[in-house]
Amino acid sequence: MAETTVASKTVKFIISRQDTPESKPYTQEFELPYRPNMNVISGLMEIQRNPTTADGVKTSPVCWESNCLEEVCGACSMVINGKPRQACSALIDQLEQPVRLEPMRTFPVVRDLVINRERMFNALKKVKAWIPIDGTYDLGPGPRMAESKRQWAYELSKCMTCGVCLESCPNVNDRNSFIGPAAISQVRLFNAHPTGEMNKHERLDALMTDGGIEGCGNSQNCVRSCPKGIPLTTSIAAMNKDTTTHLFKKWLGM
């Protein structure tokens, strides 16, 4: 009897679609048989195998991005029932129906649920979010970090460039150039590294340019929405302090 009940249950998806970056978005409904432990990605895979709308019309497969399927790569970010999150960790049993899927519109839409994250990657380039070393020969072991610093730095390193914090931030939009909380937190991470610290002033200078840290409105949406629990607002506060100190030192010629 229980098996019959599960077999008769269905899951309804309402998906926002867009055929090209320039075309207008529209919605389509899909209805799938329910299976225990389904997540949003498994539902999208079912639709991909049989792209038929709820009223029986054949359509093109829905486009989306995914990779690791275990909330590590950040590729499957989308807006699910009005909230930006990872589709792989969004379980159907924990979602209200119908399940509404939309792309994160802070970023340009490429097609359906696929977005262009170029804005986010350009922000990371701007703040030089890497450790600049010459990898052509063995440099030997690098300087050690204190365990207390390593522990909180590890929390910052969990960033998977999923873009959820930018989607939830009201200050990241097409009317300004604010780089967003992820890049600011990465400045804190790489400035804390014993080798990365050599380029500390360059990263702080980047945060002090137009679209840098001054663009934060302290809404704190980012820290509430981050799927990895990264203390983004703590990083923003720390970088506010560091950029202010850096500014005064430049004025004093230090």
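Just so it is clear, the structure is predicted and the values come from calculations on it, not from any experiment. (Residues numbered from 1 in each chain as written. Predicted model: local features only at pLDDT ≥ 70, side-chain atom pairs only at ≥ 80, totals over all residues. Heavy atoms only, no water.)

### Observations concerning empty space enclosed by the protein
Enumeration over the complete set of coordinates arrives at one cavity of 30 Å³ or more. If you add up the space inside the largest cavity, you get close to 80 Å³. In terms of lining, the largest cavity is formed by M120, C159, M160, C162, G163, C165, A182, C226, P227, K228, I230 and L232. Considered class by class, the residues forming the lining of the largest cavity number 10 nonpolar, one polar and one charged. (1 Å grid on protein atoms, 1.4 Å probe; cavity = no way out; pocket = protein on both sides within 12 Å on 5 of 7 lines; lining within 4 Å. Points joined across faces, edges and corners; volume = space filled by probe spheres on them. Nonpolar A, V, L, I, M, F, W, Y, C, P; charged D, E, K, R; others polar.)

### Some words on the pattern of salt bridges
Applying the stated criterion across every chain yields a total of 10 salt bridges. Across the pair D174 and R175 runs a salt bridge whose closest N-O atoms are separated by 4.0 Å. When its relative accessible area of 73% is taken as the criterion, D174 is described as exposed. The partner of K250 in a salt bridge is D205, with the nearest N and O atoms 3.3 Å apart. One end of the pair, K250, is in helix α9 (residues 232-251); the other, D205, is in helix α7 (residues 200-207), and 45 residues separate them in sequence. We classify K250 as partly exposed; its relative accessible area is 47%. Residue classification places D205 among the partly exposed residues on the basis of a relative accessible area of 29%. (Salt bridge = Lys/Arg side-chain N within 4 Å of Asp/Glu carboxyl O. Buried < 20%, exposed > 50% of the residue type's maximum accessible area, 1.4 Å probe, protein only. Helix = DSSP H or I, 4+ residues; strand = E, 2+ residues; numbered from the N terminus.)

### Thoughts on the domain arrangement of the protein chain
When its domains are assigned, the protein chain resolves into domain 1 (2-115) and domain 2 (118-252). The C-alpha-based centres of domain 1 and domain 2 are spaced at 32 Å. In this complex, domain 1 contributes 13 residues to the contact, which on the side of domain 2 involves 11 residues. A buried area of about 1,000 Å², summed over both sides, lies between domain 1 and domain 2, and 59% of it is on carbon and sulfur atoms. At the boundary of domain 1 with domain 2, the tally comes to zero salt bridges. Our enumeration of links across domain 1 and domain 2 arrives at four residue pairs in polar contact (both at pLDDT 80 or more). When residues of the side of domain 1 that touches domain 2 are assigned to their parent elements, the largest contribution, three residues, is made by strand β4 (residues 83-86). Taken together, the residues that form the side of domain 1 that touches domain 2 break down as six nonpolar, four polar and three charged. (Domains from an automatic or database assignment. Contact = heavy atoms within 4.5 Å. Buried area = accessible area lost by both parts, 1.4 Å probe. Polar contact = N/O pair within 3.5 Å; in protein donor to acceptor, adjacent residues only side chain to side chain.)

### Some thoughts on a nonpolar patch on the surface
There is a patch of nonpolar side chains on the surface, built from F248, W251, L252 and M254 and spanning about 560 Å² of accessible area. By the secondary structure assignment, L252 is in the segment after α9. The exposure class assigned to L252 is exposed, which follows from its relative accessible area of 63%. (Patch = residues over 30% accessible without salt bridge, like charges linked within 9 Å, V, L, I, M, F, W, Y side chains within 5 Å. Areas by Shrake-Rupley, 256 points an atom, 1.4 Å probe, with all protein chains shown as cover.)

### Considerations on the packing of α7 against α9
Two elements in contact, α7 and α9, have axes separated by 10 Å at closest approach and are oriented at 100°. Overall, the two elements α7 and α9 adopt an arrangement that is roughly perpendicular. Seen from α7, the contacting residues are K200, H201, L204, D205 and L207; seen from α9, they are M239, D242, T243, H246 and K250. Tallied by class, residues from the contact of α7 with α9 come to three nonpolar, three polar and four charged. (Axes fitted to C-alpha atoms, helices over the stretch in contact; angles between N-to-C directions. Parallel < 35°, antiparallel > 145°, perpendicular 65-115°, else oblique.)

### Some thoughts on the packing of aromatic side chains
Under the definition given, this model contains one aromatic pair. Taking the centre distance of 5.3 Å and the plane angle of 90° together, the rings of F248 and W251 count as edge-to-face. Of this pair, F248 and W251 both sit in helix α9, three residues apart, roughly one helical turn. Its relative accessible area of 45% is what places F248 among the partly exposed residues. Directly above the ring of Y34 sits K9, whose terminal nitrogen or CZ lies 4.1 Å from the centroid. (Phe/Tyr/Trp six-rings, centres within 6.5 Å; stacked < 30°, edge-to-face > 60°. Lys NZ or Arg CZ within 6 Å of the ring centre and 35° of its normal.)

### Re the sheet that holds strand β3 (residues 77-80)
Here we have five strands laid out as an open sheet, ordered β2-β1-β5-β3-β4, and mixed in their pairing. Both edges of this open sheet fall to β2 (26-33) and β4, since each of them pairs with a single strand only. Ignoring which end each strand starts from, the neighbouring axes of this sheet average 35° apart. For strand β1 (residues 10-17) and strand β5 (residues 99-102), the ladder comprises three bridges, and the chain directions are parallel. Paired with I14 across the bridge in β5 is R100. (Pairing = 2+ DSSP bridges.)

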